[in-house]
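# Results of the structural survey
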Amino acid sequence: MLYILALHIIFIVTWFSGMFYIVRLFIYNTEAGEKDEVEKQILRKQFTLMMKRLWYGITFPSAILTLIFGPLVWYEFYSFSLPEWLAIKLVFVVLLYIYFITLHIIFKQQINGVFRYTSQQLRIWNELATIFLIAIVMLAVVKNAISMVWGLLGLILFIILLMSAVKLYKLIRTKK
């Protein structure tokens with residue numbers, strides 16, 4: 001059973017890695033639109049290739065394998081019982097899969113040459129994965145609903161700090 005847990009964790013890590021990196025590629029692909037036409041075409045062709053390889057080779061398969069191994073771990077350790085902390089964690093997991101679907105939509109749009117979001121909007125969108133990661137790992141490790149109040153307060157503080165850092169980065173970038 002520990003092998004199943006190990007595989008579940010491995011695919012969570014590769015899935016998150018793919019989600020973090022794909023949004024960076026979305027940002028670079030969007031910013032390539034600001035280049036001259038020749039450079040834009042070269043960059044977008046390369047970013048499209050990188051996005052396809054990352055999405056179909058790592059991110060998407062990792063999401064599926066995480067979804068397969070997760071219920072196996074849940075069954076083995078909890079026999080599908082649902083402690084309060086696990087119920088809250090599963091809500092975050094469902095929200096994470098919704099986030100993943102939105103990344104797939106943006107992926108398909110960019111592959112088809114549709115750029116609906118600015119690089120700044122994508123930078124903010126990228127931070128959602130960080131928020132999900134922190135919430136899910138904290139719940140999985142702490143396993144205490146009372147600590148959830150403190151955890152949520154900490155998460156809210158982290159979100160505020162993260163969004164402040166994004167705004168500060170934008171200010172620094174626009175001054176250059």
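Residues numbered from 1 in each chain as written. Predicted model: local features only at pLDDT ≥ 70, side-chain atom pairs only at ≥ 80, totals over all residues. Heavy atoms only, no water.

## Regarding the side chain of Thr130
Operational definition: Note on conventions: DSSP H or I runs of at least 4 residues are helices, E runs of at least 2 residues are strands, and numbering of each starts at the N terminus. Any pair of residues with heavy atoms lying within 4.5 Å of one another is described as a contacting pair.
Within the fold, Thr130 resides in helix α4 (residues 119-142). Residues contacting Thr130, with those up to four places away along its chain left out, are Phe20, Phe158 and Leu162.

## Considerations on the pattern of salt bridges
Applied cut-off: Salt bridges are defined as contacts in which a side-chain nitrogen from Lys or Arg sits within 4 Å of a carboxyl oxygen from Asp or Glu. Relative accessibility decides the category of a residue: with a 1.4 Å probe and only protein chains considered, values under 20% of the type maximum give buried, values over 50% give exposed, and everything between is partly exposed.
Counted by the stated rule, this structure contains 2 salt bridges. The closest approach of N and O atoms between Glu37 and Lys40, which form a salt bridge, is 3.6 Å. Taken together, the residues span about one helical turn, with Glu37 and Lys40 both in helix α2 (residues 37-78) at a distance of 3 residues. In this structure Lys40 comes out as partly exposed when scored by relative accessible area, which is 21%.

## A short note on the layout of surface pockets
Where we set the bar: A cavity here means a set of points on a 1 Å grid, drawn over the protein atoms and nothing else, where a 1.4 Å probe fits but cannot get out; a pocket is an open set with protein on both sides within 12 Å along at least five of seven lines, and a residue lines either one if it has an atom within 4 Å of a point. Grid points are joined across faces, edges and corners, and a volume is the space filled by probe spheres set on the points. Only Asp, Glu, Lys and Arg are considered charged in this grouping, and only Ala, Val, Leu, Ile, Met, Phe, Trp, Tyr, Cys and Pro are considered nonpolar; every other residue, Gly among them, is considered polar.
Of the voids in this model, the largest pocket is the one considered here, and its volume is about 750 Å³. Elements that contribute at least two residues to the lining of the largest pocket include exactly α1 (2-32), α2, α3 (84-111) and α4. Across the lining of the largest pocket, the residue classes break down as 24 nonpolar, 3 polar and 2 charged.

## Quick word on the packing of α2 against α3
This is how it is decided: The angle between two axes is taken between their N-to-C directions and runs from 0 to 180 degrees, where each axis is a line fitted to C-alpha atoms and a helix contributes only its stretch in contact. Angle categories are assigned with fixed cut-offs, so that under 35 degrees is roughly parallel, over 145 is roughly antiparallel, 65 to 115 is roughly perpendicular, and the rest are oblique. Each crossing is labelled by how the near helix is turned from the far one, with a counterclockwise turn of less than a right angle marking it left-handed and a clockwise turn marking it right-handed.
The contact between α2 and α3 brings their axes to 12 Å, and the two run at 165°. One element, α2, and the other, α3, form an angle in the roughly antiparallel class. Viewed along their axes, α2 and α3 form a crossing whose handedness is left-handed. Of the residues in α3, those in contact with Thr48, Met51, Lys52, Trp55, Tyr56, Thr59, Phe60, Ala63, Thr66, Leu67, Trp74 and Tyr78 of α2 are Trp85, Leu86, Leu90, Tyr97, Phe100, Leu103, His104, Phe107, Lys108, Gln110 and Ile111. Tallied by class, the residues present in the contact of α2 with α3 amount to 16 nonpolar, 5 polar and 2 charged.

## A few points about a nonpolar patch on the surface
Rule in force here: The residues that make up patches have over 30% relative accessible area and no salt bridge, and they are joined within 9 Å when like-charged or within 5 Å when they are Val, Leu, Ile, Met, Phe, Trp or Tyr. Per-residue and other accessible areas were derived by the Shrake-Rupley procedure at a 1.4 Å probe size, with only the shown protein chains allowed to occlude residues.
A cluster of nonpolar side chains, namely Tyr56, Phe60, Ile64, Ile68 and Leu72, defines an oily patch on the protein surface of about 440 Å² accessible area. Its place among the elements puts Phe60 in helix α2. Judged by its relative accessible area of 32%, Phe60 is partly exposed.

## Thoughts on unusual backbone geometry
Residue Ser79 is not a glycine yet carries a positive backbone phi of 50°. With respect to the helices and strands, the residue Ser79 is situated in the loop between α2 and α3. Note on Ser79: relative accessible area 54%, which makes it exposed. If you check the backbone angles, Phe80 has positive phi at about 65° while not being a glycine. Considering the arrangement of structural elements, one finds Phe80 in the loop between α2 and α3. According to the relative accessible area criterion, Phe80 is partly exposed, its value standing at 44%.

## Description of the packing of aromatic side chains
Our working definition: Under the pairing criterion, centres of Phe, Tyr and Trp rings, with the six-membered ring standing for Trp, must be within 6.5 Å; the plane angle then separates stacked pairs below 30 degrees from edge-to-face pairs above 60, leaving the rest tilted. Charge-over-ring placement is defined geometrically: NZ (Lys) or CZ (Arg) within 6 Å of the ring centre, and within 35 degrees of the ring normal.
The tally for this structure, following the rule as stated, stands at 16 aromatic pairs. Ring centres of Trp74 and Phe80 lie 5.0 Å apart, and the angle between their planes is 85°; this geometry places the pair in the edge-to-face category. Among the aromatic residues, those joined into a ring-pair cluster are Trp15, Phe16, Phe20, Trp55, Tyr56, Phe60, Tyr97, Phe100 and Phe107. The ring of Phe115 has Arg44 lying over it, and the distance from NZ or CZ to the ring centre is 3.7 Å.

## Considering the environment of Ile68
Note that Ile68 resides in helix α2. In this structure the C-alpha to C-alpha distance between Ile68 and Arg116, which are 48 residues apart in sequence, comes to 32 Å.

By themselves, these are just geometric observations and shouldn't be taken as functional.
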